[in-house]
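Structural overview for review
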Amino acid sequence: MGKAEEYVVYLNEAEEILLVTPKADAIQVTIQPSSFEIFSFVPVEKLDLDPTIKFAPIGLTNMFYNGGAIQELEYIKSGAENKSVKIKVKGHGNFLAYSRASPKECYLNCAEVAFEWLASGKLTLNLPWVEEAGGISDVAFVF
């Protein structure tokens, strides 16, 4: 599956996030007739030696290939107070990521914006279409 210690599996139609390891048991799924499910596997990155800060960008949930919206991804792990994730996202809609801890701040195109974080790890942000930038948004989460 890869070399990451953990992965997030996003089930597109069920809108469910599962946290798995390469040695985890198989994922049990029942698909009803005339339906489907899309599984997106995303490696989880630790932003610190402390395991409380883990992050995995899933992408835009309104697209079949969620991760295809992610154009660039950068993890910044320097210093005790300067942990962040910078993402260039092409498209508009609901951006979804897994984050074990709630970010302190979120920036969209250099402006601080509201986001939603749930204890389950779901981190969401609504992205508008930015015509001047060819539909690309700069997103930053600061931990």
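Please refer to the structure higher up on the page.
We now turn to the structure provided with this report. Keep in mind that this is a model prediction, so the values were computed, not measured. (Residues numbered from 1 in each chain as written. Predicted model: local features only at pLDDT ≥ 70, side-chain atom pairs only at ≥ 80, totals over all residues. Heavy atoms only, no water.)

Let's talk about the nonpolar core
Ranked by internal contacts, the top residues of the largest apolar core, which has 18 residues, are Phe55, Ile87, Val89, Phe95, Leu127, Val139 and Phe141. Counting only elements with at least two residues in this core, the list comes to β5 (54–60), β7 (84–90), β8 (93–99), β9 (105–108), β12 (122–127) and β13 (136–142). Apart from residues lying up to four places away in sequence, Val89 is in contact with Leu60, Ala69, Phe95, Leu127, Gly135, Ile136, Ser137 and Val139. Counting 9 residues, the second-largest nonpolar core is a separate cluster that includes Ile17, Val44, Ala56 and Leu96. (Core = buried A, V, L, I, M, F, W, Y, C linked by side-chain atoms within 4.5 Å. Buried < 20%, exposed > 50% of the residue type's maximum accessible area, 1.4 Å probe, protein only. Helix = DSSP H or I, 4+ residues; strand = E, 2+ residues; numbered from the N terminus. Contact = heavy atoms within 4.5 Å.)

Some points on the layout of surface pockets
The space that makes up the largest pocket amounts to roughly 180 Å³. Around the largest pocket sit Glu72, Leu73, Glu74, Lys86, Ile87, Lys88, Tyr107, Asn109, Cys110, Asp138, Val139 and Ala140, which together line it. At the level of elements, β6 (70–76), β7 and β13 are the ones that each hand at least two residues to the lining of the largest pocket. Along the lines of polarity and charge, the residues of the lining of the largest pocket split into 6 nonpolar, 1 polar and 5 charged. Its volume calculated, the second largest pocket comes out at about 150 Å³. Forming the boundary of the second largest pocket are Ser40, Phe41, Val42, Pro43, Pro57, Ile58, Tyr65, Gly67, Ile70, Leu73 and Tyr75. Among the secondary structure elements, those contributing two or more residues to the lining of the second largest pocket are β3 (39–43), β5 and β6. For the lining of the second largest pocket, the element with the most residues is β3, which contributes 4 residues. (1 Å grid on protein atoms, 1.4 Å probe; cavity = no way out; pocket = protein on both sides within 12 Å on 5 of 7 lines; lining within 4 Å. Points joined across faces, edges and corners; volume = space filled by probe spheres on them. Nonpolar A, V, L, I, M, F, W, Y, C, P; charged D, E, K, R; others polar.)

Regarding unusual backbone geometry
Positive phi, close to 55 degrees, is recorded for Glu15, a residue that is not glycine. Here Glu15 is to be found in the loop between β1 (7–11) and β2 (16–20). The backbone of Ser34 shows a phi angle near 60 degrees, a positive value even though the residue is not glycine. Position of Ser34 relative to the elements: it lies in the loop between β2 and β3. Residue class for Ser34 comes out exposed when judged on its relative accessible area of 87%.

Remarks on the pairing of β2
Across 5 bridges, the pairing between β1 and β2 is antiparallel. Paired with Val9 across the two strands is Leu18, which belongs to β2. Two successive antiparallel strands, β1 and β2, enclose a turn made up of 4 residues, where Glu15 displays a positive phi of approximately 55 degrees. (Pairing = 2+ DSSP bridges.)

Considerations on the side chain of Ser137
Mapped onto the elements of the fold, Ser137 is located in strand β13. For Ser137, a relative accessible area of 0% puts it in the buried group. When sequence neighbours within four positions are dropped, the list of residues in contact with Ser137 reads Ile87, Lys88, Val89, Leu108, Asn109, Leu127, Pro128 and Val130.

A short note on the pattern of salt bridges
Going through the model one piece at a time under the given rule, you end up with 4 salt bridges. In this structure, the salt-bridge partner of Lys54 is Glu6, at a minimum N-O distance of 2.5 Å. Highlighted residues: Lys54 in strand β5 and Glu6 in the segment before β1, separated in sequence by 48 residues. Where Glu45 meets Lys77, a salt bridge forms, and the shortest distance between an N and an O atom there is 2.6 Å. On the criterion of sequence distance, the pair formed by Glu45 in strand β4 (residues 45–46) and Lys77 in the loop between β6 and β7 is long-range, its members being 32 residues apart. (Salt bridge = Lys/Arg side-chain N within 4 Å of Asp/Glu carboxyl O.)

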